[in-house]
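Breakdown of the fold
If you want the building blocks of each chain, they are given just below.
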Amino acid sequence: MSDAPTTEPCDACGDPTTDALARTVRLSVDRANIDTQRLCPDCFADWIQRYQDRLGSGGEESDDTSEIIVD
């Protein structure tokens, strides 16, 4: 077994990304896995920004809470 990090492509841009830097985004509904994406740090930052723009509260206070869980 090697100590070298595994390198696999980012699902968004295709650039090689080591396990230590990769982020996995999973979409689950009622505990059923709908989608899983492996993202490099830049694509992950873009994903977070899109999430906040599209699904965020828009700066308004609300009783609903949303949560981003990163593995």
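See above for the structure.
The text that follows walks through the structure, step by step, so that each part is easy to find. (Residues numbered from 1 in each chain as written. Predicted model: local features only at pLDDT ≥ 70, side-chain atom pairs only at ≥ 80, totals over all residues. Heavy atoms only, no water.)

The phi angle at Asp30 is positive, at roughly 50°, despite the residue not being glycine. Examined against the element boundaries, Asp30 turns out to sit in the loop between strand 3 (23–29) and strand 4 (32–39). Taking relative accessible area as the criterion, Asp30 reaches 77% and is therefore assigned exposed. Residues other than glycine seldom take positive phi values, yet Arg31 does so here, at roughly 65°. Relative to the assigned elements, Arg31 resides in the loop between strand 3 and strand 4. (Helix = DSSP H or I, 4+ residues; strand = E, 2+ residues; numbered from the N terminus. Buried < 20%, exposed > 50% of the residue type's maximum accessible area, 1.4 Å probe, protein only.)

Residues Cys10, Val25, Leu39, Cys40, Cys43, Phe44 and Ile48 constitute the largest nonpolar core, which totals 7 residues. No other element matches the 3 residues that helix 1 (residues 41–55) contributes to this core. (Core = buried A, V, L, I, M, F, W, Y, C linked by side-chain atoms within 4.5 Å.)

Shape is all these values report; function is a separate question.
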